[in-house]
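# Analysis of the macromolecular model
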Amino acid sequence: GGVTKRNAAVPGQPVFPLSEEPSSVFMEPHSDNPGRPSPPRKLLLFCEALPPDGWASGGNPIVDARALYRALDPAIREKFERLGVQYMYHNADRSHDDRFVSWQSSFHTDDRGVAERMCKREGHAFEWTPDGGLVRWVVSPPCRPHYLTGEMCWYALAFSVVLVATDSLSSP
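These figures come from a predicted structure and were not determined experimentally.

## Digging into the sheet that holds strand 2 (residues 125–128)
Reading across from one edge, 1-3-2 is the order of the three strands in this open sheet, with antiparallel pairing throughout. Every other strand in the sheet has two partners, leaving strand 1 (85–91) and strand 2 as the edge strands with one partner each. Taking each pair of neighbouring strands and ignoring which way they run, the sheet shows an average axis angle of 15 degrees. Pairing of strand 1 with strand 3 (residues 134–140), which is carried by seven bridges, proceeds in the antiparallel orientation. When the sheet's bridge partners are listed, His90 is paired in strand 3 with Val135.

Structural data, given as structure tokens:
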């Protein structure tokens, strides 16, 4: 999963580093999997060793999503709640472009039928591109209740854009 290409930290297990981008790339606070009908209840974060310069070269900012929800202008929050947030995911075919997360890697399969069933189960509309890639999209609620307290939480990536920088973004 995810939008940036990462190698498993533990081969064969769903354990991934936060990012393999250079430390100069800032990871904005975000919610994981906002396009899924049920967000993860827990995420485990682990730091094996601090960078040589401490956290100056990067870090993982943690935000209280309940406080963020309360801090948003109510008129803006209401508009997001009324309209939802559309997420689009573009996954190339592994054989065509290996710079980004392939649909095979994202869905852990080489079978298009399995990927299609997973898209349908998650409520995603989808289409296959002429070069074998998969584009999928879903409109999700930007706010969700906290699974224990029921307090509303901001859960959208509406204020965050993931950019993947490469030396060449031209087609392979």
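## Brief notes about the pattern of salt bridges
Counted by the stated rule, this structure contains six salt bridges. In this structure, Glu151 engages Arg66 in a salt bridge whose closest nitrogen and oxygen atoms are separated by 3.3 Å. Pair noted here: Glu151 is in the loop between strand 4 (143–145) and strand 5 (152–154) and Arg66 is in helix 1 (residues 65–71), with a separation of 85 residues, a long-range link. Classification of Arg66 by relative accessible area gives partly exposed; the value is 25%. Among the salt bridges present, the one from Arg94 reaches Asp110, with a minimum N-O distance of 2.3 Å. With Arg94 in the loop between strand 1 and helix 3 (103–107) and Asp110 in the loop between helix 3 and helix 4 (112–121), this residue pair connects regions lying 16 residues apart in the sequence. Residue Asp110 is classed as exposed on the basis of its relative accessible area, which comes to 57%. Salt bridges sharing common partners tie together Asp64, Arg66, Arg70 and Glu151.

## Some points on the pairing of strand 2
Pairing of strand 2 with strand 3, which is carried by four bridges, proceeds in the antiparallel orientation. From the neighbouring strand, Trp128 faces strand 3, where its bridge partner is Leu134. Taking the residues between adjacent antiparallel strands as the criterion, strand 2 and strand 3 are bridged by five residues, where Gly132 takes a positive phi near 90 degrees.

The rules behind each value
- Residues numbered from 1 in each chain as written.
- Predicted model: local features only at pLDDT ≥ 70, side-chain atom pairs only at ≥ 80, totals over all residues.
- Heavy atoms only, no water.
- Pairing = 2+ DSSP bridges.
- Helix = DSSP H or I, 4+ residues; strand = E, 2+ residues; numbered from the N terminus.
- Axes fitted to C-alpha atoms, helices over the stretch in contact; angles between N-to-C directions.
- Salt bridge = Lys/Arg side-chain N within 4 Å of Asp/Glu carboxyl O.
- Buried < 20%, exposed > 50% of the residue type's maximum accessible area, 1.4 Å probe, protein only.

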